[in-house]
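Survey of secondary and tertiary structure
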Amino acid sequence: MGSKPSSTAKVSPLSPSEKRGAQNINPEKQWINPQYHDDKRTKIKRPHEVENEMCNPPMMIAREVMNRVHGSMIGMALGDTLGASVEFRPRKYLLKNPVTDLQSGGTWGLQKGQFTDDTSMALCLASSLVTKSSFVAYDQLVRYKLWYRHGYMSSTGECFDIGKATRNALEEFERRQQKFAKEHNISLDEIDHIDDPRLLKNFNTNCGGKQEAGNGALMRLAPVPLFFHRDPEKAVHYSGESCGTTHGHEKAYDACRYYGALIVAALHGESKEALMSPEFYDKHRHWFGKKPLHDDVEAVAKGSYRKKEGYDDGIRGKGYIVTTLEAALWAFWADENSFEKGALLAVNLGDDTDTTATIYGQLAGAFYGYNALPKKWIHQIYARRFIEYLSKWIVYEGDSFSKSKS
Ligand SMILES: [Mg+2]
């Protein structure tokens, strides 16, 4: 999902609290937070520019879990970059010019391996989970805002594409921040850094419009189920909550809950047959709490994506959440156990190519694992070391969170 931003990025100087914040953060994780080349914040450091500052978490990470978490994160970035050069191209174009490999140029003029808004937002979400060691929707929104305004976690250093619903939500968030600052006598320099839970309880972080049923939250979902996978009920609950910051429609919320459950099940080593079973939802019903899935999402969970002829049977890679969910699952169902084949199937549906493939990549990467991803592609991913370290920290902090709650 994405379109060109309508307004020029606003730049403001680094505030005293931000300087202080940068000094206060655990030095092991400092590279996760925004860093700039200058005090006026005109040039943000891109992910690859902080790779030399990164370090491993202070504990060994279980190899099998890491293989799946890393696989999901890299699988997501791979799908994104594979589809980026042909984003918005219709199926007709892709039939004549099928994508068969990573390529540069096209829609955004990116270099081979660079990713778009999908992965940038997922990296914002992951960085928040790791920094806060928990789910803090306010901090997630602050990071999305930093991406929108300053290019945080962007592969180019700028937010060059953003979906309409996401842009509206982030601008609504900024308006709410200004109002909140006034009401609670907080300076605008401090407003991004409030972390008192009693204060944050009064801030409504559901900034997404109730009618927003696009795929913009599902495309960035993976870090949430990866972080909370040890507690499936929490993982499914927060998968839904992570949607509401920018997309308020029940279908978008439930698509994220269902897909979050699939990613958790993949991490737990469930078979592909179990993941694709029309009974998956019934068998895991206890993960979903009291609220059932919306009928349209449940129809997908019951197997509406099982269409042998794919596009000719009605599978579409378009922006509507139910259509996208169906398309990504169709690619997983039809990929003959090959990530390369599935990612290309998703892209070559046309339309919202990068997002369909990004969503496919989150689940397929978790299921097949990092070691099974195409080697010829993974070495070309932009900032792949950054994503590797971040994946380790997702496992480490997710594990710490789970232990602290048990
Ligand atoms: Mg995109």
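Residues numbered from 1 in each chain as written. Predicted model: local features only at pLDDT ≥ 70, side-chain atom pairs only at ≥ 80, totals over all residues.

In the nomenclature of an unreviewed UniProt entry, the protein chain is known as ADP-ribosylglycohydrolase of Rotaria sordida.

Each helix and strand in the protein chain was counted, giving 18 helices and zero strands. By the compact-globule yardstick of 22 Å for 406 residues, the protein chain fits well, its C-alpha radius of gyration being 20 Å. Taking the principal axes of its C-alpha atoms as reference, the protein chain extends roughly 60 × 45 × 45 Å. Within the span of the protein chain, comprising 406 residues, buried residues form 50% of the whole. Partitioning the intrachain contacts of the protein chain with sequence separation of at least 6 by distance along the chain shows that 76% fall at a separation of at least 24. (Helix = DSSP H or I, 4+ residues; strand = E, 2+ residues; numbered from the N terminus. Rg over C-alpha atoms; globule rule 2.2 N^0.38 Å. Buried ≥ 20, exposed ≤ 12 C-beta atoms within 10 Å, placed from the backbone. Contact = placed C-beta atoms within 7 Å.)

Per the UniProt record, "binding site: Mg(2+)" (unreviewed entry) is annotated on T116, D117, D118, D352, D354 and T355. The annotated residues occupy 240 residues of the chain but converge on a single region, no pair of C-alpha atoms lying more than 12.3 Å apart. With respect to the secondary-structure elements, D354 resides in helix α16 (residues 353-368). Residue classification places D354 among the buried positions, given that 31 C-beta atoms sit within 10 Å. Not counting residues up to four positions away in its chain, the partners in contact with D354 are D80, G83, A84, E87, T116 and D118. If you trace the backbone, T355 turns up in helix α16. Residue class for T355 comes out buried when judged on the 33 C-beta atoms lying within 10 Å of it. (UniProt positions renumbered as here; feature names shortened; annotations may be inferred.)

What follows covers unusual backbone geometry. The backbone of F88 sits at a positive phi, close to 75°, despite the residue not being glycine. Of note, F88 is situated in the loop between α2 (63-84) and α3 (91-96).

Moving on, we get to the environment of D80. Counting through the fold element by element, D80 comes out in helix α2. Taking the C-alpha atoms as reference points, D80 and T358, separated by 278 residues in sequence, lie 4.8 Å from one another. Discounting chain neighbours no more than four positions away, the residues touching D80 are F115, T116, D118, T119, D354, A357 and T358.

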